[in-house]
Amino acid sequence: MALYILRFPCKIREQKSYVGLRAASCKVRIIPFRSKDIACQLQRIEAPSLPSNPAAPLNDQPLLSRRARRNRKCPTQRDAFRETNISPANLIYPLFIHEVEVDIPITTMPGRYMLGWRHGLIEEVARARDVGVNSIKLYPKVPEALKSPTGEEAYNDNGLVPRTVRLLKDRFPDIVIYTDVNFDEYSTTGHGGIVREDGVILNDETIHQLRKQAVSQARAGADVVCTSEMLDGRVGAIRAALDAESFQHVSIMSYSVKYTSSLYGRFRQVELDKKTYQINPANSREALLEAREDEAEGADILMVKPALPSLDIIRLLKDQTLLPIGACQVSGEYSMIKAAGLLKMIDEEKVMMESLICMRRAGADVILTYFALQAATILSSANTKTIFN
Ligand SMILES: NCc1[nH]cc(CCC(=O)O)c1CC(=O)O
């Protein structure tokens, strides 16, 4: 049995629970210790039953059986014990595409462009592949003239997205292309569903359109179709439509948890109320309900959006499903980091990398981020080791 000496200022001598805690497992000697600036000290001395050296000086250090800092003392050990890693393979790079030949900068997203069809686009994809990012997602800018209340352009086999998928697959056959099965980019209202005269969003009628859109994208060669609109039953309906057309191999990444976030800056030129279909950011049980439903309907990957404000939801889903989890770092998240970096208020690169590793720690398998190329460039550079340690 070890002998402990508990030293503390006299005034707290009566705190029996503190003494009792130790007394339960070992012999305790109480020594009042008169000092204003020293709180409590607990000393361990030789166990009386063990051979001891009576001349040995008492160890003046407080007893700490666990010193977590020991494992952090050098880069090699910090590297060895790092629980989470990130590689370019975990990143999906979203690209803005349009019909025009030139790259046009997106003012609210410094460093981002509407990529010119086809040179700007091909060059950007080649750059991403050079640093190990071989997964991309397409966000089209659909010309106003092609939009309609019922979004027929969404399933035009010669529309911008199917044409781009064919172009990129032809050029880079091993690339993995994620496409957005969304309605709002193609509708004159900007809503994620067909809007009835009285303002009601028509769920099932819209899904009828989304099925055709997913099949059209699969026909062009899309590898993963992403159910972007938060409409009920969309995953099952799209799965059935894909299977019926022999696209069993095409995956569905469901935007299971898409919050009505104010961080979709780039996509919200006009403020639209999407609260009847997207989820209230105050809710987590509802997020789980959506995720379970999508899983039951056949989703292959469950996505959470936006990412950094939803790390708790990413973890919740990770613990509740065996499906891979995706995190979507949205336009507003990108803009915040970029803007603060440009203003020299934060170190852009460090904050960006920290945001990504934290998404991985929360449980994200893949991360969709506008930083994909920048992050992968850092990850594949010689001094990678210094990033997280
Ligand atoms: N379906 C449209 C769409 N596609 C991507 C985003 C947001 C992504 C981002 O901001 O980066 C949105 C906005 C929305 O659904 O309201």
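Just so it is clear, the model here is predicted, and its values are computed rather than measured. (Residues numbered from 1 in each chain as written. Predicted model: local features only at pLDDT ≥ 70, side-chain atom pairs only at ≥ 80, totals over all residues.)

(A) Structural detail: the site of the ligand. Surrounding the ligand, one finds eleven residues, the nearest of these being Asn182, Tyr264, Phe267, Val330 and Ser331. Partitioned by chemical class, the residues of the shell around the ligand number three nonpolar, three polar and five charged. (Near = placed C-beta within 6 Å. Nonpolar A, V, L, I, M, F, W, Y, C, P; charged D, E, K, R; others polar.)

(B) A look at the UniProt feature "active site" (unreviewed entry) in the protein. Under the feature "active site" (unreviewed entry), the UniProt entry names Lys258 and Lys305. Taking the farthest pair of C-alpha atoms as the criterion, the annotated set spanning 48 residues converges on one region, since that pair is 5.0 Å apart. Inspection of the secondary structure puts Lys258 in strand β12 (residues 251-258). When sequence neighbours within four positions are dropped, the list of residues in contact with Lys258 reads Met230, Gln278, Ile279 and Lys305. (UniProt positions renumbered as here; feature names shortened; annotations may be inferred. Helix = DSSP H or I, 4+ residues; strand = E, 2+ residues; numbered from the N terminus. Contact = placed C-beta atoms within 7 Å.)

(C) Broad picture of the nonpolar core. One finds Val225, Val304 and Ala372 to be the most contacted residues of the largest nonpolar core, which totals 83 residues. Residues within four places of Ala372 in sequence aside, it is in contact with Leu91, Ile92, Tyr93, Ala128 and Val133. (Core = buried A, V, L, I, M, F, W, Y, C linked by C-beta atoms within 7 Å. Buried ≥ 20, exposed ≤ 12 C-beta atoms within 10 Å, placed from the backbone.)

(D) How the structure looks around the UniProt feature "binding site: Mg(2+)" (unreviewed entry) in the protein. On the UniProt side, "binding site: Mg(2+)" (unreviewed entry) is annotated at positions that read Glu290 here. The topology assignment puts Glu290 in helix α7 (residues 285-297). According to the C-beta neighbour criterion, Glu290 is buried, with 22 such atoms within 10 Å. Those residues in contact with Glu290, other than ones at most four positions away along the chain, are Ser256, Val257 and Ile279.

(E) Quick peek at the pairing of β12. Burial runs high along β12: eight of the eight residues are buried. Alignment of strand β11 (residues 224-227) against β12, held across four bridges, turns out to be parallel. Counted as the bridge partner of Val224 is Ser251 from β12. For the crossover that starts at β11, traverses helix α6 (residues 234-244) and ends in the parallel β12, the hand is right-handed. (Pairing = 2+ DSSP bridges. Right-handed = clockwise from strand over helix to strand, strands pointing away.)

(F) Representation of helix α4 (residues 160-171) within the structure. The terminal C-alpha atoms of α4 lie 16 Å apart, and with twelve residues this matches the ideal 16 Å at 1.5 Å per residue to within 8%. Where α4 is buried, its residues contact β4 (91-97), α3 (119-130), β7 (135-140), β8 (176-181) and α5 (203-220). (Expected span 1.5 Å × (residues − 1).)

(G) Structural context of the packing of α4 against α5. Relative to each other, α4 and α5 sit at 20 degrees, their axes nearing to 8 Å. Classed by the angle they form, the pair α4 and α5 counts as roughly parallel. In this structure, α4 meets α5 at a crossing whose hand is right-handed. Of the residues in α5, those in contact with Val161, Pro162, Val165 and Arg166 of α4 are Ser216, Gln217 and Ala220. The residue makeup of the contact of α4 with α5, split by class, is four nonpolar, two polar and one charged. (Axes fitted to C-alpha atoms, helices over the stretch in contact; angles between N-to-C directions. Parallel < 35°, antiparallel > 145°, perpendicular 65-115°, else oblique. Left-handed = near helix turned anticlockwise from the far one by under 90°.)

(H) Just the confidence of the model for the protein, in detail. Mean pLDDT over the protein: 88, with 82% of residues reaching 70 or higher. Across residues 1-6 the pLDDT falls below 50, and counting only partners more than four positions away or on other chains, this stretch makes 29 contacts in the model. This model gives residues 44-48 a pLDDT under 50, and the stretch forms twelve contacts once residues within four places in sequence are excluded. Prediction confidence for the complex, expressed as pTM and ipTM, is 0.84 and 0.93 respectively. (pLDDT = per-residue confidence, 0-100.)

(I) Molecular detail of the environment of Ile177. Of note, Ile177 is situated in strand β8. When the 25 C-beta atoms within 10 Å are taken as the criterion, Ile177 is described as buried. Between the alpha carbons of Ile177 and Gln217 there is a distance of 10.0 Å; along the sequence they are 40 residues apart. Excluding its chain neighbours within four sequence positions, the residues that come into contact with Ile177 are Ile136, Leu138, Val165, Leu168, Lys169, Gly221, Ala222 and Asp223.

(J) Local environment of α3. With twelve residues, α3 should cover 16 Å at 1.5 Å per step; its first-to-last C-alpha distance of 16 Å lies within 8% of that length. Considered for burial, the residues of α3 that qualify are Gly120, Leu121, Glu124, Val125 and Ala128. Looking down the long axis of α3, one finds its buried residues gathered within 130 degrees of arc, a one-sided arrangement. In α3, the exposed positions angled more than 90 degrees off the buried face are occupied by His119 and Ala126. (Arc of directions from axis to C-beta.)

(K) A look at the environment of Val125. If you trace the backbone, Val125 turns up in helix α3. Taking the number of C-beta atoms within 10 Å as the measure of exposure, Val125 has 23 and is therefore buried. Residues Val125 and Pro149 lie 24 residues apart in sequence; the distance between their C-alpha atoms is 33 Å. If sequence neighbours within four positions are ignored, Val125 has contacts with Ile136, Leu168, Phe172 and Ile175.

(L) View of the packing of helix α8 (residues 311-320) against helix α10 (residues 348-362). Two numbers describe how α8 lies on α10: the axes approach to 8 Å, and their chain directions differ by 30 degrees. The angle between α8 and α10 places the two elements in the roughly parallel class. On α10, the residues that touch Leu311, Ile314 and Arg315 of α8 are Cys358, Met359 and Ala362. Its residues placed into classes, the contact of α8 with α10 shows five nonpolar, no polar and one charged.

(M) Just the pairing of β8, in detail. Burial analysis of β8 places five of its six residues in the buried class, the great majority of the element. Here four bridges tie β7 to β8, and the two strands are oriented parallel to one another. Residue pairing for β8: Lys137 is matched across the bridge by Tyr178. Tracing the backbone out of β7, into α4 and back to the parallel element β8 gives a crossover that is right-handed.

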